[in-house]
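Listed here are the chains, written in short residue letters.
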Amino acid sequence: MTRSCKFCGATKPLVKAHIVPEGFFRRQRSGGPALKMLTNAPGVHPKKSPVGEYDDGILCQECENVFGPWDDYAQKLITEENLKEAELRKAGHVVGYRLDNYDYKLLKLFFLSVAWRASVSERPFYRRVHLGSHERRILVMLKADDPGSVSDYGVSLAHFTDQYGGVILDPHPERWDGVNYLRFYFGGLVAYVKVDQRGAHWLHKSLLMEPGKPLNIVGRTMANSKEFGIIKKIVRGNG
């Protein structure tokens, strides 16, 4: 398909580009049934997706290659094996994870690139992601290979410590005491990307990715989460 690439602006053949890398879907499947992509949008049914969503209207091959190092790094860093070794326990329960060594630049650019790709995508699964005026600024940062400071589109992470049921919910905007965030799901991992000039919400401040410091990921349980209620409603409504 020959169209204008949304990254470089040139008119050339575009390729099938993943918004969330296929590796997150393939690893979470682990030989079991295909993951389901769920949304509570009216009239949209759960969809089995062994390799995730791709969009052939975003990137040319040259620009798709730009995203490769960021995607590869995130998929290799955030694995169940690595998280298992990084567990933080209290009274016998996993309460979080700490990765002492990671590349802030590569990982931050990965999450910013996912937010940008989701925002420019026309796929229904990403219909609620709209960066607005931030879309252009993040594009400039990606082109400059610049992850910004800790406060520039700060990213904080959580991970479900129990079985989350092999589903991935659609990303969506949310507010924490008036501060705007986008929430993305990568199997058991949840990423919160601040899209606001104001400072991070106090619950996120201690978890923000920061150069030269460990990567801290808070532990959550699916059974006690708002997501679990949403998943049950979606499944029951489409049963």
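## Brief notes about the nonpolar core
Link 1 in the chain: Counting residues in each nonpolar core, the largest one holds 66 residues, and the members touching the most others are Leu107, Phe111, Trp116 and Phe186.
Link 2 in the chain: Of the residues forming this core, the biggest block, 11 residues, is contributed by helix H4 (residues 104–120).
Link 3 in the chain: Here Leu107 is in contact with Tyr73, Ala74, Leu77, Ile78, Tyr102, Met209 and Leu215, once residues within four sequence places are set aside.

## Here we look at the packing of helix H2 (residues 61–77) against H4
Link 1 in the chain: Where H2 contacts H4, the axes come no closer than 8 Å and their chain directions differ by 115 degrees. It follows from the interaxial angle that H2 and H4 lie roughly perpendicular. Regarding H2 and H4, the two cross each other, and that crossing is left-handed. Two secondary-structure elements touch here, H2 through Phe67, Trp70, Asp71, Tyr73, Ala74 and Leu77 and H4 through Leu106, Leu107, Leu109, Phe110, Ser113, Trp116 and Arg117.
Link 2 in the chain: Considering only residue class, the contact of H2 with H4 consists of 10 nonpolar, one polar and two charged.

## Overview of the confidence of the model for the protein chain
Link 1 in the chain: Per-residue pLDDT for the protein chain has a mean of 83; in total, 78% of the residues score no lower than 70.
Link 2 in the chain: Counting interchain partners and residues more than four positions distant, the pLDDT-below-50 stretch residues 227–239 has 21 contacts.

## Observations regarding unusual backbone geometry
Link 1 in the chain: Of note, Tyr153 is a non-glycine position whose phi angle comes to about 50 degrees, a positive value.
Link 2 in the chain: Inspection of the secondary structure assignment puts Tyr153 in the loop between helix H5 (134–143) and strand E9 (155–160).
Link 3 in the chain: In the Ramachandran plot, Asp177 falls in the positive-phi region, its phi being about 50 degrees despite a non-glycine side chain.
Link 4 in the chain: With respect to the helices and strands, Asp177 occurs in the loop between strand E11 (172–176) and strand E12 (179–186).

## Observations concerning the pattern of salt bridges
Opposite charge on two side chains makes pairing possible when the charged atoms of those side chains draw close.
Link 1 in the chain: For the structure on display, the rule yields 12 salt bridges.
Link 2 in the chain: Here Arg127 makes a salt bridge to Asp170, at a shortest N to O gap of 3.0 Å. Residue Arg127 is found in the loop between H4 and H5, and its partner Asp170 is found in the loop between strand E10 (167–169) and E11; the two are separated by 43 residues along the sequence.
Link 3 in the chain: Here Arg127 falls in the partly exposed class, since its relative accessible area comes to 31%.
Link 4 in the chain: With a shortest N-O distance of 2.7 Å, Asp196 and Arg198 are connected by a salt bridge.
Link 5 in the chain: The class of Asp196 is buried, set by a relative accessible area of 9%.

Quick notes on the rules
Each chain has its residues counted from 1, following the order in which its sequence is written. Thresholds applied to this predicted model are a pLDDT of at least 70 for local features of residues and 80 or more for the giving and counting of side-chain atom pairs; totals over whole chains, interfaces and linings are not thresholded and use all residues. Based on all heavy atoms of the structure, the side-chain values leave hydrogens and waters out of the count. The set of buried Ala, Val, Leu, Ile, Met, Phe, Trp, Tyr and Cys residues whose side-chain atoms join them within 4.5 Å is what this entry labels a nonpolar core. Working definition: with a 1.4 Å probe on protein chains only, accessible area under 20% of the residue-type maximum means buried, over 50% means exposed, and in between means partly exposed. Each helix is a run of H or I in the DSSP string that is no shorter than four residues. Each strand is a run of E no shorter than two, and both are numbered from the N terminus. Two residues form a contact once any of their heavy atoms are found within 4.5 Å. Simply put, an axis is a line fit to the C-alpha atoms, just over the touching stretch for a helix, and the angle between two N-to-C directions goes from 0 to 180 degrees. Oblique is the label for any angle not covered by the other classes, which are roughly parallel (under 35 degrees), roughly antiparallel (over 145) and roughly perpendicular (65 to 115). For any pair of crossing helices, the crossing counts as left-handed if the nearer helix is rotated counterclockwise from the farther one by less than a right angle, and right-handed if it is rotated clockwise. For this scheme, ten residues count as nonpolar: Ala, Val, Leu, Ile, Met, Phe, Trp, Tyr, Cys and Pro. Four count as charged, namely Asp, Glu, Lys and Arg, and the remainder, Gly too, count as polar. How sure the predictor is of each residue is captured by pLDDT, a score from 0 to 100. Any Lys or Arg side-chain nitrogen located within 4 Å of an Asp or Glu carboxyl oxygen qualifies as a salt bridge.

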